[in-house]
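Coordinate analysis (summary)
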Amino acid sequence: NWKILETEHFEIYYYPEMKELAQQGGFFAEEAYKQLESKFNHSLNNRVPLIFYSSHLHFQQTNTTGGFIPEGVGGFFEFMQGRVVIPADGSLSRFRHVIRHELVHVFMHSKVARVLVDHRIPQDRMPPLWFTEGLAEVWSTVADDQSEMLIRDAVLNNYIVPLQNMESIYGTFLMYKQGQYILKYIEEKYGEERLMLLLENF
């Protein structure tokens, strides 16, 4: 029995027992929107649909995408129809992180698509996955003990992937974290604006 909560920039789909969580998610989404609008120097034309599920089990049964969703997926941006689909797992900090992470994808996709249309280039290209996921992590969370441990272990045991071979890792947690650490390094050494320069020159 889906309900819709409309905020300034979002249409939030939820079921009645999740009303309080939907309102909290709407607050997180609007908070992220203001920050990302500034970082990307870009506004979205339409309200973004956010579909919230009250548990990962319900989320795995979503029909917004085909196939079965693996246990490790914490949310996704379904870019063909511009929908963001996110489960709650009881942690408000993780809920906020995933909302922000997926909204980075929404803004990036919108900005790249607008530039491609302006230049009459087919909309069949995006930056490499390590960059898109890395930027989504840099702008939605901070490095924590788990990510530090993963990167240190990869370096010490020689399975860190060199920059020139980054395309060879695809869809793994290591790819997310390597992307995050590479972009964090660029941000700290050369300034945050360089991340947008990379995207804008893509």
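The coordinates are above.
Report on the accompanying structure. (Residues numbered from 1 in each chain as written. Predicted model: local features only at pLDDT ≥ 70, side-chain atom pairs only at ≥ 80, totals over all residues. Heavy atoms only, no water.)

**Focus: the overall build of the chain**
We apply this condition: Under the DSSP-based scheme used, a helix requires at least four consecutive residues in state H or I and a strand at least two consecutive residues in state E, with every element numbered from the N terminus. Here, residues are in contact when the closest pair of their heavy atoms is within 4.5 Å.
Helices and strands together make up the secondary structure of the chain, namely seven helices and five strands. Written out in order from the N terminus, the α and β elements of the chain read β-β-α-β-α-β-β-α-α-α-α-α. Sequence separation of 24 or more characterises 63% of the internal contacts of the chain that already satisfy a separation of 6 or more.

**As for the pattern of salt bridges**
Here is the rule we go by: We define a salt bridge as a contact between a side-chain nitrogen of Lys or Arg and a carboxyl oxygen of Asp or Glu at a distance within 4 Å.
Under the defined criterion, the tally for this structure stands at eight salt bridges. Here Lys39 and Glu192 are joined by a salt bridge, their closest N and O atoms 2.5 Å apart. With Lys39 in helix α1 (residues 19–40) and Glu192 in the loop between α6 (173–190) and α7 (193–200), the pair connects residues that are 153 residues apart, well separated along the chain.

**Here's the deal with the pairing of strand β3 (residues 48–53)**
Side-chain positions along a regular strand alternate between the two faces of the sheet. Stated precisely, the cut-off is as follows: The buried label goes to any residue with under 20% of its type's maximum accessible area, the exposed label to any with over 50%, and the partly exposed label to all in between, with areas taken from a 1.4 Å probe on protein chains only. By convention a crossover is right-handed if, when the strands point away from the viewer, the path from the first strand over the helix to the second runs clockwise. When DSSP finds two or more bridges between two strands, those strands count as paired.
With respect to burial, β3 is a largely interior element, six of its six residues being buried. Neither face of β3 is exposed, since Val48, Leu50 and Phe52 on one face and Pro49, Ile51 and Tyr53 on the opposite face are all buried. Taken together, strand β2 (residues 10–14), α1 and β3 constitute a β-α-β crossover, and its handedness is left-handed. Pairing of β3 with strand β5 (residues 83–87), which is carried by four bridges, proceeds in the parallel orientation. Each residue of the ladder has a partner; that of Tyr53, found in β5, is Pro87.

**A closer look at α1**
Rules: Take the residue count of a helix, subtract one, and multiply by 1.5 Å to get its expected span.
The end-to-end C-alpha separation of α1 is 31 Å, in line with the 32 Å expected for 22 residues at 1.5 Å each. Among the residues making up α1, those that are buried are Ala22, Gly25, Gly26, Phe28, Ala29, Glu30, Ala32, Tyr33, Leu36 and Phe40.

**What about the sheet that holds β5?**
Adjacent strands of a sheet form backbone hydrogen bonds with each other and so pair up, either parallel or antiparallel. The line we're drawing: Convention adopted: a line fitted to C-alpha atoms gives each axis, helices being fitted over their contacting stretch, and angles between N-to-C directions are expressed from 0 to 180 degrees.
Spatial strand order, β1-β2-β3-β5-β4: five strands in an open sheet with mixed pairing. Looking at the sheet topology across the chains shown, the edges are occupied by β1 (3–6) and β4 (76–78). Strand-to-strand twist across the sheet, computed as the mean angle between neighbouring axes with direction ignored, equals 25 degrees. Running over the sheet, α1 touches β1, β2 and β3 and is turned about 155 degrees from β2. Packed onto the sheet, helix α3 (residues 92–118) meets β2, β3, β4 and β5 and runs at close to 165 degrees relative to β5.

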